[in-house]
Amino acid sequence: MRMKIKPIEAHNRSIAKSVSYRILSLSVDSAVAYFFTRDVALSAGIVILVNTYSTVLYYLHERIWAHIHWGHKIH
């Protein structure tokens, strides 16, 4: 009989981590984009596009790692 190990991270936790990271990233990306473009509208477009797909990728990455048991200690 094989034991099934449940992921340590809940979906809500992964979402909260993704959102908090995106807020930090939005701030930094906005400053960098504006520094290079000196155009508020273009900078906003770049930041929205990049952070939208990055948020999805980060969430998927977290969910995949939640199922990788390497490095987890079983209590």
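Counting of residues starts from 1 at the beginning of each chain's written sequence and follows it residue by residue. Totals for whole chains, interfaces and linings use all residues, but because this is a predicted model, local features are given only for residues with pLDDT of at least 70 and pairs of side-chain atoms are given and counted only at 80 or more. Side-chain measures were taken over the full set of non-hydrogen atoms in the model, leaving aside hydrogen atoms and water.

### Regarding the packing of helix α1 (residues 11-37) against helix α2 (residues 40-66)
Cut-off, in case you're wondering: Fitted lines through C-alpha atoms serve as axes, helices being fitted only where they are in contact, and the angles separating the N-to-C directions of these axes extend from 0 to 180 degrees. Numbering of helices and strands runs from the N terminus, with a helix taken as a DSSP run of H or I at least four residues long and a strand as a DSSP run of E at least two residues long. Throughout, the term roughly parallel applies to angles under 35 degrees, roughly antiparallel to angles over 145, roughly perpendicular to angles from 65 to 115, and oblique to all others. Each crossing is labelled by how the near helix is turned from the far one, with a counterclockwise turn of less than a right angle marking it left-handed and a clockwise turn marking it right-handed.
Contact pair α1 / α2: the axes reach a minimum separation of 8 Å and the direction vectors enclose 150 degrees. The orientation of α1 relative to α2 falls into the category roughly antiparallel. For α1 against α2, the interelement crossing comes out right-handed.

### Regarding the pattern of salt bridges
In plain terms, the rule: Any Lys or Arg side-chain nitrogen found within 4 Å of a carboxyl oxygen on Asp or Glu counts as a salt bridge. Classification of residues uses two cut-offs on accessible area relative to the type maximum, computed with a 1.4 Å probe and protein chains only: under 20% is buried, over 50% is exposed, and between them is partly exposed.
Summed over the entire model, instances satisfying the criterion amount to one salt bridge. We note a salt bridge from Glu62 to Lys17, for which the minimum N-O separation is 3.2 Å. Here Glu62 is found in helix α2, whereas its partner Lys17 is found in helix α1, with 45 residues between them in sequence. With relative accessibility at 14%, the residue Glu62 sits in the buried group.

Coordinates in, geometry out; function isn't part of it.
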